[in-house]
Amino acid sequence: MPRSAPKHLFLNPDLTYQGTEIEGIIDILFKEVTKDFKRVRGVEEYRRHITILVLNLFEVYRISKSSLALGISRDSGYYSEKSIGYKYMVKGIVETLSKAGYLNLVSKGIKSDNPFVKSQVTTYRASQKLNKHFKSLNLYKVKQDFDKFPSVRVGNRDTELIKPLENDFYYEQVKTIKAINEYYDSIHIDLCVSNEELIKIRQQMSNKKARAEWLISQNDVVLRDINFRDKYIYRKFWTNDYNLHGRYYGGFWQGVPSEWRQRITINNQRTTELDYTNMHFAMLYHEKGLKMDLSEDLYDFSSKVSDWDKGEFRNECKLVMNYMVNCASKEQVIKVIRNNKKKLLKAPRGFTWETFIDFLMEENEPIKDAFYSNQGIRLMFHDSRIVEQLLK
């Protein structure tokens, strides 16, 4: 049995309306929001945020009348990388319109002392006082505003998000990603799972504290949710040189545990996931002019250790080799291993972690210069270019 409809929709910050009918509603709500202000600063921002809220409430109303609600996060941190601001949307607009009777509270979100549930939000519906104004709006004029969607983002751990450099490459990427997102907007992407299976998925996506809370309460609101509206992608680069990282993010399916991805559907048709194994290490060997046998598994070293069964400790080899490529030193690799005891409880049979790292270095002698050199973000850029060609 397929899953039932969601209980609420998440606030979509990138909706726009193709028509002037909405202006009258915005004027009414803007006056309500700012009536006690001595001086209104940020008039355009207030009007833009009110427009986004109205369009989301209208969409929820037209889709379900009363069965759905609109989820609006009251966590200020949620808005740090969004095109909307906490000060405007929550403090300035939602709270004021709730007091004025334009919004009805449906359910309260998880309190801030439960930070393990990032996706649980407070939900609202438009009251009858606001619903009466929706008669002038046309649902088919509500569109995703891809011109304002930040499809190219730049930043790293040191710089955080910075303004992208607007050059020819940037504009080409914006054009390409907009075309992809317009296509995604025209299709239905979902998960073919039952309600019970969806709860299992959400359990897997939640952390230990949330899972323990659910076992006691059996209330699924404590579990991390899936926002099925998140189907628009963006590309994230390391710097404005646009030659590092560059992978695509944004689609809800990226957070779905791997064993459930075979249930992803497009227009109610099942999909197939293609797995490109050993990709980064195949690239490194290829750069050295060494061809890889298609049947060869670069993470399986069982033939090199006499008391290992075939395929044994493959996962440990894969993880540690990738740490070696992405870290700056052997000591850093050891630190990462010790911080990931859930995945790497103990060293493979016959080795300590130190000797295991030395073993992997020796077995990968042709590409040893790639280890401890932070190669990962460079290789990510190359694999993102492959994905770009596939998406085009």
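Quick caveat: nothing in here was measured; it's all calculated off a predicted structure.

On the surface, Leu274, Tyr276, Ile386 and Leu390 cluster together to form a nonpolar patch covering roughly 430 Å² of accessible area. Take Leu390: it is sitting in helix α12 (residues 376–391).

Grouped together as the largest cluster of nonpolar side chains are 39 residues, with contacts concentrated most on Leu53 and Val54. Put simply, the parts of the chain that give this core at least two residues each are β2 (15–17), α1 (23–34), α2 (43–64), β3 (69–72), α3 (86–99) and β5 (122–126). Considering each element in turn, this core owes the most residues, 9 residues, to α2. Aside from chain neighbours lying at most four places away, what touches Leu53 is Leu70, Ile72, Met89, Ile93, Val94, Leu97 and Leu103. Among the nonpolar cores identified, the runner-up in size contains 32 residues, and Leu284, Met324, Leu344 and Ala347 belong to it.

Applying the stated criterion across every chain, the model contains 25 salt bridges. With its nearest N and O atoms 3.5 Å apart, the salt bridge here joins Arg349 to Asp307. Taken together, the residues Arg349 in the loop between α10 (330–338) and α11 (353–363) and Asp307 in the loop between α8 (279–287) and α9 (314–326) connect sequence positions 42 residues apart. For Arg349, a relative accessible area of 35% puts it in the partly exposed group. The partly exposed category is assigned to Asp307, whose relative accessible area is 41%. In this structure, Glu388 engages Lys392 in a salt bridge whose closest nitrogen and oxygen atoms are separated by 3.7 Å. Classification of Glu388 as buried rests on a relative accessible area of 8%.

Bringing α10 into the picture now. Residues separated by three or four positions in an α-helix point in the same direction, a consequence of the helix having 3.6 residues per turn. Residues of α10 that are buried include every one of Val333, Ile334 and Ile337, and no others. Taken down its axis, α10 places every buried residue within 100 degrees of arc, on the same side. Those residues of α10 that are exposed and aimed more than 90 degrees away from the buried face are Glu331 and Lys335. The inward-facing, buried residues of α10 abut α9 and α11.

Judged by pairing direction, the sheet is antiparallel, and its 3 strands sit side by side in the order β9-β12-β13 without closing on themselves. A strand with exactly one partner marks an edge of an open sheet, and here the two such strands are β9 (189–191) and β13 (269–270).

The subject of this paragraph is the side chain of His280. Here His280 lies in helix α8. Every residue in contact with His280, bar those within four places of it in the chain, is listed here: Arg247, Gly376, Leu379, Met380 and Asp383.

In this section: the sheet that holds strand β10 (residues 234–237). Pairing is mixed in the open sheet, where 4 strands are placed in the order β8-β7-β10-β11. The sheet is open, and its two edges are formed by β8 (160–162) and β11 (245–249), each paired on a single side. Between one strand and the next, the sheet's axes are offset by a mean angle of 35 degrees, whatever the strand orientation. In this sheet, β8 lies alongside strand β7 (residues 152–156) in antiparallel orientation, the contact comprising 3 bridges. If you follow Asn156 over to β8, its bridge partner there is Glu160. Across the sheet, α12 touches β10 and β11, and the angle it forms with β11 is around 50 degrees.

This brings us to the pairing of β3. Residues Ala69 and Gly71 point to one face of β3 and Leu70 and Ile72 to the other, with burial holding for every one of them. Bridge count between β3 and β5: 3 bridges; the pairing is antiparallel. When the bridges of β5 are listed, Leu70 appears paired with Tyr124.

So, how was this worked out
Starting from 1, residues in each chain are numbered consecutively following that chain's sequence as written. Local features are withheld for residues below a pLDDT of 70 in this predicted model, meaning they are given only at 70 or higher, and side-chain atom pairs are given and counted only at 80 or more; totals for whole chains, interfaces and linings count all residues. Side-chain numbers come from the whole structure's heavy atoms, not from hydrogens or water. Here, patches come from residues exposed beyond 30% relative accessible area and free of salt bridges, joined within 9 Å for like charges and within 5 Å for nonpolar side chains (Val, Leu, Ile, Met, Phe, Trp, Tyr). All accessible areas in this document rest on Shrake-Rupley with a 1.4 Å probe, and a residue is counted as covered only by the protein chains that are shown. Put simply, a salt bridge is a Lys or Arg side-chain nitrogen that is within 4 Å of an Asp or Glu carboxyl oxygen. Counting from the N terminus, the helices are the DSSP runs of H or I reaching at least four residues and the strands are the DSSP runs of E reaching at least two. Here, nonpolar core means buried Ala, Val, Leu, Ile, Met, Phe, Trp, Tyr and Cys residues that are tied together by side-chain atoms lying within 4.5 Å of each other. Buried residues are those whose accessible area, probed at 1.4 Å on protein chains only, stays under 20% of the maximum for their type, while exposed residues exceed 50% and partly exposed ones sit between those limits. By definition, residues are in contact when any of their heavy atoms lie within 4.5 Å. Read the arc as the range of directions from the helix axis to the C-beta atoms. A strand pair is defined by DSSP finding two or more bridges across the two strands. Here, axes are lines fitted to C-alpha atoms. For helices the fit covers the stretch in contact, and angles between N-to-C directions go from 0 to 180 degrees.

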